[in-house]
Amino acid sequence: MKSFQGSTALVTGASKGLGVAYATELARRGANLVLVARSRDALEDLAVRLREAHGVEVAVIPADLGAADGPAHVVAGLDERGIAIDLLLNNAGLGSVGPFFDRPLAGHLLSVDVNVNGLLALTHLLGGRMLTRGSGGIVNVASTAAFQPMPYQSSYAASKAFVLSFSEALAAELRGSGVTVMAAHPGAVATGFFDGTTATIDPRAADTPERVAARTLDDFARGRHVSYPGRVVNRVGTLVPRLLPRRTTTSLVGRLNRGLGFDHVSDVGTPA
Ligand SMILES: NC(=O)c1ccc[n+]([C@@H]2O[C@H](COP(=O)([O-])OP(=O)(O)OC[C@H]3O[C@@H](n4cnc5c(N)ncnc54)[C@H](OP(=O)(O)O)[C@@H]3O)[C@@H](O)[C@H]2O)c1
């Protein structure tokens, strides 16, 4: 079992939701942290709390990972501070929900920019340094959405399918190099993922971010290449698309998402 004590982890999307839980759990396990997201104030607040509660070092690098120069800006921030990263936790992510043509193009593009391009670029920039050093770890937060096409979440599910495929291939390429790669596939997690829209996450069907974070890190520490950090039914659900014809699976998921009202989503004011 690997230990996080004294290592340095960079967590993207650490301003809210699952990213806060990952950063908090890593700090609890003794890791120093670099927190990345766009919301500087939220990152600074979390940094103060984690330093006080756990006595770890916490640096904050605000960055837009959807911007072409975002990942390089993060690396420049690390170099200015002389920080080397042992664990890259690519958690930042977002997704459009609703019928593809009803939702603004900008939202679809932003999710691909962050979930795919930002993740790939940070992995290349920081993973390359790990490879040179011969040690390090990368955790990519994908989703159970990665395993099948999802009507009404079409671009989001496709972006997570990229993360799944990319992570599995990279894990195989890096076998024996000292750098490990793990993809994590949560199901529904009780966060503000759908904030700003009429879509909601049913808390009865969702795991807590704290539980998902702890289980992800346990799986990584055990040397796993894949983690299903949520309830068992989520993992079972990822097996279904491997058994049924893709068209059947896609129709079923479309029906499920219509049942959740995802076929008529509109924007609402962001909660205070
Ligand atoms: N919630 C779920 O049900 C669920 C299920 C499976 C997988 N996931 C995955 O888990 C990860 C975390 O999601 P969450 O539920 O915690 O969502 P969330 O509460 O909406 O948090 C998303 C995080 O991503 C950051 N982010 C968004 N756009 C960014 C950008 N352009 N540059 C830098 N950071 C950006 C946000 O920070 P700023 O806004 O401050 O930039 C925020 O910290 C995502 O990859 C998501 O796909 C979530």
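Reading guide: rules and limits
- Starting from 1, residues in each chain are numbered consecutively following that chain's sequence as written.
- A pLDDT threshold of at least 70 governs which residues receive local features in this predicted model, and a stricter bar of 80 or more applies before side-chain atom pairs are shown or counted, although totals over entire chains, interfaces and linings include all residues.
- As a convention, hydrogens and water are excluded, and side-chain values are obtained from all of the structure's heavy atoms.
- The pairing criterion is simple: DSSP has to find at least two bridges between the two strands.
- A run of H or I in DSSP becomes a helix once it reaches four residues, and a run of E becomes a strand once it reaches two; helices and strands are each numbered from the N terminus.
- Residue contacts are defined here by distance: any two heavy atoms, one from each residue, within 4.5 Å place the two residues in contact.
- Working convention: axes come from line fits to C-alpha atoms, limited for helices to the stretch in contact. Angles between N-to-C directions cover 0 to 180 degrees.
- Note on terminology: a nonpolar core comprises buried Ala, Val, Leu, Ile, Met, Phe, Trp, Tyr and Cys residues joined through side-chain atoms within 4.5 Å.
- Note on classification: 1.4 Å probe, protein chains only; a residue is buried when its accessible area is under 20% of the maximum for its type, exposed when over 50%, partly exposed between these limits.
- Note on definitions. A residue lies near a molecule or strand when any single heavy atom of the residue is within 4 Å of it.
- Pairing of N or O atoms within 3.5 Å defines a polar contact, subject to two protein rules: one partner must be a possible hydrogen donor and the other a possible acceptor, and residues neighboring in sequence count only if both atoms are side-chain atoms.
- Note that accessible areas follow from Shrake-Rupley with a 1.4 Å probe, and for residues the cover is restricted to the protein chains shown.

Observations regarding the sheet that holds strand S4 (residues 87-90)
- Spatial ordering of the open sheet is given by S3-S2-S1-S4-S5-S6-S7, a layout of seven strands whose pairing is parallel. In this open sheet, the two edge strands, each paired with only one partner strand, are strand S3 (58-62) and strand S7 (226-227).
- Where S4 lies against strand S5 (residues 136-141), four bridges are found, and the strand directions are parallel. Among the inter-strand pairings, Leu87 is bridged to a residue of S5, identified as Gly137.
- Along the sheet, helix H1 (residues 17-28) contacts strand S1 (8-12), strand S2 (32-37), S4, S5 and strand S6 (179-184); its crossing angle with S1, the most-contacted strand, is approximately 170°.
- Of the strands in this sheet, S1, S2 and S3 are in contact with helix H3 (residues 70-81), which crosses S3 at around 145°.

Points about unusual backbone geometry
- Of note, the phi angle at Tyr152 is positive, near 75°, even though the residue is not glycine.
- When you line up the elements, Tyr152 lands in the loop between S5 and helix H5 (154-173).

Some points on the nonpolar core
- In terms of nonpolar packing, the biggest core is built from 33 residues, with Phe4, Tyr22, Leu26, Leu33, Leu35 and Leu89 touching the most fellow members.
- Top element by residues in this core is H1. It accounts for six residues.

Digging into the site of the ligand
- Taken together, 31 residues sit near the ligand, with Arg38, Ser39, Asp64, Tyr156 and Thr191 positioned nearest.
- Residue Ser39 places a side-chain N or O atom 2.5 Å away from an oxygen atom belonging to the ligand.
- Within the backbone of Leu65, an N or O atom sits 2.8 Å from a nitrogen atom of the ligand.
- In the complex, the protein chains occlude 95% of the 870 Å² of accessible area that the ligand would expose alone.
- Secondary structure elements with two or more residues in the shell around the ligand: H1 and H5.

In short, the description is geometric, and any link to function would need to be established separately.
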